[in-house]
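Results of the structural survey
The lines below spell out each chain.
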Amino acid sequence: IAYFEFDADAFTGGSGDFVIKILEKEYTLNVPPLPITYEVNKVGSVDLATQSVLWTVNLSALQGTNDVIDLAGLEFFDNLQSVGTYIEDSFTVNSISTPITITNNQISYVFPESTNTPTTITFRTRISNTAYYATSQQSITNTAVLRETVDSITTILDQDPETVTFTPPTWISKSGVSSDTVGGVYDPTNRTITWTITANPAGASLNNVIITDVLPIGLTFNQASWQTWNGSGWDSSTPITPNGSSQYLIGNITSMIRLIIVSNVPDQSNVTGTTTYNNSANIVWDGLPVPAISTGNVPVTVGYNAISKSGVRVSLSNQLIRWTVNAD
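The following refers to the structure shown. (Residues numbered from 1 in each chain as written. Predicted model: local features only at pLDDT ≥ 70, side-chain atom pairs only at ≥ 80, totals over all residues. Heavy atoms only, no water.)

**Describing the side chain of Asp160**
Within the secondary structure, Asp160 sits in strand 13 (residues 153-166). The buried charged residue Asp160 lacks any salt bridge partner; its closest oppositely charged side chain belongs to Lys42, at an N-O distance of 8.1 Å. In this structure the side chain of Asp160 is engaged in a polar contact, spanning 2.6 Å, whose partner is the backbone nitrogen of Lys42. Filtering out sequence-adjacent residues up to four positions away, Asp160 remains in contact with Val40, Asn41, Lys42, Asn142, Thr143 and Ala144. (Helix = DSSP H or I, 4+ residues; strand = E, 2+ residues; numbered from the N terminus. Buried < 20%, exposed > 50% of the residue type's maximum accessible area, 1.4 Å probe, protein only. Lys, Arg positive; Asp, Glu negative; His and termini not counted. Salt bridge = Lys/Arg side-chain N within 4 Å of Asp/Glu carboxyl O. Polar contact = N/O pair within 3.5 Å; in protein donor to acceptor, adjacent residues only side chain to side chain. Contact = heavy atoms within 4.5 Å.)

**Here we look at the sheet that holds strand 18 (residues 206-212)**
Across the sheet, which stays open at both edges, the 4 strands sit in the order 21-18-24-25 with antiparallel pairing between neighbours. The open sheet is flanked by strand 21 (247-253) and strand 25 (293-294), the only strands paired with a single partner. In this structure, strand 24 (residues 282-284) lies alongside strand 25, joined through 2 bridges in antiparallel fashion. Residue pairing across strands places Ile283 opposite Ile293, the latter belonging to strand 25. (Pairing = 2+ DSSP bridges.)

**A short note on unusual backbone geometry**
The omega torsion of the bond from Thr117 to Pro118 falls at 0 degrees, within 30 degrees of zero and hence cis. Inspection of the secondary structure assignment puts Pro118 in the loop between strand 10 (106-110) and strand 11 (119-126). Its identity as a non-glycine residue notwithstanding, Ser95 has a phi of 70 degrees, on the positive side. Here Ser95 shows up in the loop between strand 7 (92-93) and strand 8 (96-97). Positioned with a positive phi, Asn105 is a non-glycine residue whose angle comes to about 60 degrees. Mapped onto the fold, Asn105 is located in the loop between strand 9 (101-103) and strand 10.

**A word on the nonpolar core**
In terms of nonpolar packing, the biggest core is built from 60 residues, with Phe123 and Ile211 touching the most fellow members. With 5 residues, the top contributor of residues to this core is strand 4 (residues 52-62). (Core = buried A, V, L, I, M, F, W, Y, C linked by side-chain atoms within 4.5 Å.)

**Concerning the packing of aromatic side chains**
For the coordinates displayed, the defined rule picks out 11 aromatic pairs. Residues Phe76 and Phe91 carry aromatic rings whose centres are separated by 6.0 Å and whose planes lie at 50 degrees to one another, so their mutual orientation is tilted. Linking Phe76 in strand 5 (residues 75-79) with Phe91 in the loop between strand 6 (85-86) and strand 7, this pair joins segments that are 15 residues apart in sequence. Side by side, Phe76 and Phe91 carry an identical accessibility label, which is buried. Their ring planes at 80 degrees and their centres at 5.1 Å tell us that Tyr132 and Tyr133 sit as a pair that is edge-to-face. Taking relative accessible area as the criterion, Tyr133 reaches 18% and is therefore assigned buried. Through pairs of rings, three or more aromatic residues link up here, namely Phe76, Phe91, Tyr109, Phe111 and Phe123. One residue, Lys42, lies across the ring of Trp55, its end atom 4.6 Å from the ring centre. (Phe/Tyr/Trp six-rings, centres within 6.5 Å; stacked < 30°, edge-to-face > 60°. Lys NZ or Arg CZ within 6 Å of the ring centre and 35° of its normal.)

Here it is, written out as structure tokens:
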């Protein structure tokens, strides 16, 4: 009795039926095709300026040492129901715009013949308003699937979930600085507060932008100007005056802007003590899905304390505290 074993690793004849001869006797040997291993790799890139995510899916396959595999008849599938709305005409296969099937925000594409690996798919989804205008970090998870359907039975060949995390744009922010000294000496007269409002840091295209800033009671308007960011610095200032509703009508913008408002602080006869002014600003534009986006109150303190006191424990056993009093 003799036993023979087929060495698949040494065989280079491909798959199918082969006639072999052993000891002058012929045998028909059926060599099955080597299994194909498919791989799906997906990444996402957030574009805050367009409120979208660019998804890139790389498809590869390997059969033995052969990595050029025809994807004909296989289907790319992606359920976007919890991801965001598919952006029309954004689907490409190897950089070529390609029509797809869309049903209930689920996209699918069946590869035609001669679509060989490696193959790259890209498409975009719109970030929901809930996530885009949120005030905390957001995450979006999406799974790309490569599958095959034979006799109404669908098999997942490979899939890859991808999570992108992003911080929504800070559409508007505000700071304030007081000016109440002359030559290093506090002056209770001719004081001002300069409020700096920065808006649209993501550089989105916004139409009919209006910034509202109602000065707190006691402060009066002095002057204001606004600037646009050119990518490396601020352009020259443009004077602007608010209307009767304390609205600054900016207009259409495509970059970050800065609005600087100078307000007068009431004169005082006394030279000590402090006063804190809280001020906020908000921004709106055409198509904004929420009423307005606000900076929240920003406090600025004017004046100074003539006397201050602090204490520190110097001896626990003797129960001693050292008090320090500063008079200015």
